[in-house]
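Listed below are the residues making up each chain.
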Amino acid sequence: MTVVLRDARRGDVADLLRLIRDLARYEKAEDQVEADVPQLAATLFGEGATAHAMVAEEDGLIVGLAIYFFNYSTWQGRNGLYLEDLFVEPEQRGAGIGKALLARLAALAVDRDCGRFEWSVLDWNTPAIDFYESLGARPQPEWVRYRLEGDALKTLANTA
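The text that follows walks through the structure, step by step, so that each part is easy to find.

Criteria and thresholds
- Residues numbered from 1 in each chain as written.
- Predicted model: local features only at pLDDT ≥ 70, side-chain atom pairs only at ≥ 80, totals over all residues.
- Heavy atoms only, no water.
- Salt bridge = Lys/Arg side-chain N within 4 Å of Asp/Glu carboxyl O.
- Helix = DSSP H or I, 4+ residues; strand = E, 2+ residues; numbered from the N terminus.
- Contact = heavy atoms within 4.5 Å.
- Pairing = 2+ DSSP bridges.
- Axes fitted to C-alpha atoms, helices over the stretch in contact; angles between N-to-C directions.
- Phe/Tyr/Trp six-rings, centres within 6.5 Å; stacked < 30°, edge-to-face > 60°.
- Buried < 20%, exposed > 50% of the residue type's maximum accessible area, 1.4 Å probe, protein only.

1. Re the pattern of salt bridges
Here is step 1 of the chain: Taken as a whole and judged by the stated rule, the model has seven salt bridges.
Here is step 2 of the chain: A salt bridge links Glu89 to Arg18; the shortest N-O distance between them is 2.5 Å. Of the two residues, Glu89 sits in the loop between strand 4 (78-88) and helix 3 (97-111) while Arg18 sits in helix 1 (residues 13-26), which places them 71 residues apart along the sequence.
Here is step 3 of the chain: Salt bridges here are not isolated pairs; linked through shared partners, they connect Arg6, Asp12 and Glu57.

See below:
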């Protein structure tokens, strides 16, 4: 098995979408995927794109992805790296691909002088939680994640 990690390219978008759908299926949320190939191409590779993707290839086939962006901590006065999604095809798990992707992102965060490397995980995803904790990551239980979307987002925007 030869695994290569690299930055994603525009030509990888169909594979990225395939893995995003696989991740959504695993998270029991496949019906929530709205992204399509043109939208991913624009938001990951278009002018002004702020999200980035890294892929893992095994013998030329994309078997894993990490999608991330840089955020900012006002308390630290520094950027952070936020991992939006990490996914490795189930049959490839246990071979170190997920750890290699996380290590590459950790190195990027250190190289860019980021103060943090953060992500979220579903509370029922015990295999992922155990994996992350084995790497030294710790949950932040004092924080509650909030989201505005759909009509609630539009309603608030209309008050501006």
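2. Re the side chain of Asp12
Here is step 1 of the chain: Locating Asp12 in the fold gives a position in the loop between strand 1 (3-7) and helix 1.
Here is step 2 of the chain: Leaving out residues up to four positions away in the same chain, Asp12 has contacts with Arg6, Val55 and Ile62.

3. What about the sheet that holds strand 4?
Here is step 1 of the chain: Strand order in the open sheet formed by five strands is 1-2-3-4-5, and the pairing between neighbours is mixed. Lying at the two open borders of the sheet, with one neighbouring strand each, are strand 1 and strand 5 (117-119). Strand-to-strand, the axes of this sheet are offset by a mean angle of 30°, without reference to chain direction.
Here is step 2 of the chain: Sheet analysis places strand 1 next to strand 2 (residues 51-58), joined by five bridges and oriented antiparallel. Residue pairing for strand 2: Asp7 is matched across the bridge by Met54.

4. Examining the packing of aromatic side chains
Here is step 1 of the chain: This structure, assessed with the given rule, holds six aromatic pairs.
Here is step 2 of the chain: Taking the centre distance of 5.6 Å and the plane angle of 45° together, the rings of Phe131 and Tyr132 count as tilted.
Here is step 3 of the chain: According to the relative accessible area criterion, Tyr132 is buried, its value standing at 11%.
Here is step 4 of the chain: Ring pairing ties together the aromatic residues Phe117, Trp119, Phe131 and Tyr132, which thus form one cluster.

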